[in-house]
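Residue-level structure breakdown
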Amino acid sequence: MALHSALKGKLISVIGDEDTCVGFLLGGVGEINKNRQPNFLVVDKNTAVSEIEDCFKRFVKRDDIDIILINQNIAEIIRHVIDNHNSPIPAVLEIPSKDHPYDASKDSILRRAKGMFNPDEVL
């Protein structure tokens, strides 16, 4: 499987505000698949919650996406959908935005990791 992934190439998708998406697109993350579906969603104040949820679900179902980057403040809006995703691939990574700093207590991956380990046992 790892060799197949390396040969085929997998994508990183982005769900974020305009600045976040533009930054990653300038870095070469942007892609449109054969069905003319992009691997990013620019979220603004007029974007419906259902549109964000549907986009996230589409990204999870796509076999060409291995990582979903999402602004943490947007992840909070669809937290119930993200918490229901428990597969390791695609990995969902919450990232800060320009206007909203990162809060580790809200990160779904860190919360799951803390549930696996007791801090006293790590040492």
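Refer to the structure presented above.
So, here is what we can say about the structure in this document. A quick note: this is a predicted structure, and the numbers were derived from the prediction, not measured.

Cut-offs used in this document
Residues numbered from 1 in each chain as written. Predicted model: local features only at pLDDT ≥ 70, side-chain atom pairs only at ≥ 80, totals over all residues. Heavy atoms only, no water. Salt bridge = Lys/Arg side-chain N within 4 Å of Asp/Glu carboxyl O. Helix = DSSP H or I, 4+ residues; strand = E, 2+ residues; numbered from the N terminus. Buried < 20%, exposed > 50% of the residue type's maximum accessible area, 1.4 Å probe, protein only. Pairing = 2+ DSSP bridges. Right-handed = clockwise from strand over helix to strand, strands pointing away.

On to the pattern of salt bridges. Summed over all chains, the structure comprises four salt bridges. A salt bridge links aspartate 19 to lysine 98; the shortest N-O distance between them is 2.8 Å. Within this pair, whereas aspartate 19 is found in helix α2 (residues 18-26), its partner lysine 98 is found in the loop between β4 (91-95) and α6 (108-116), the two being separated by 79 residues in sequence. Take lysine 98: its relative accessible area is 64%, and that puts it in the exposed class. The salt bridge involving arginine 79 is made with glutamate 94; its shortest N-O contact spans 2.6 Å. In this pair, arginine 79 is assigned in helix α5 (residues 79-84) and glutamate 94 in strand β4, connecting sequence segments 15 residues apart. When salt bridges that share partners are traced, they join Glu76, Arg79 and Glu94 into one network.

Next up on the list: the pairing of strand β1 (residues 11-16). Counting buried residues along β1, five of its six residues qualify, which places the element largely inside the surrounding structure. By the bridge criterion, five bridges tie β1 to strand β3 (residues 65-71) in an arrangement that is parallel. Across the sheet, residue isoleucine 12 finds its bridge partner in β3, namely isoleucine 67. Considered for its hand, the β-α-β crossover made up of β1, α2 and strand β2 (residues 40-42) is right-handed.

These figures come from the coordinates and say nothing about function on their own.
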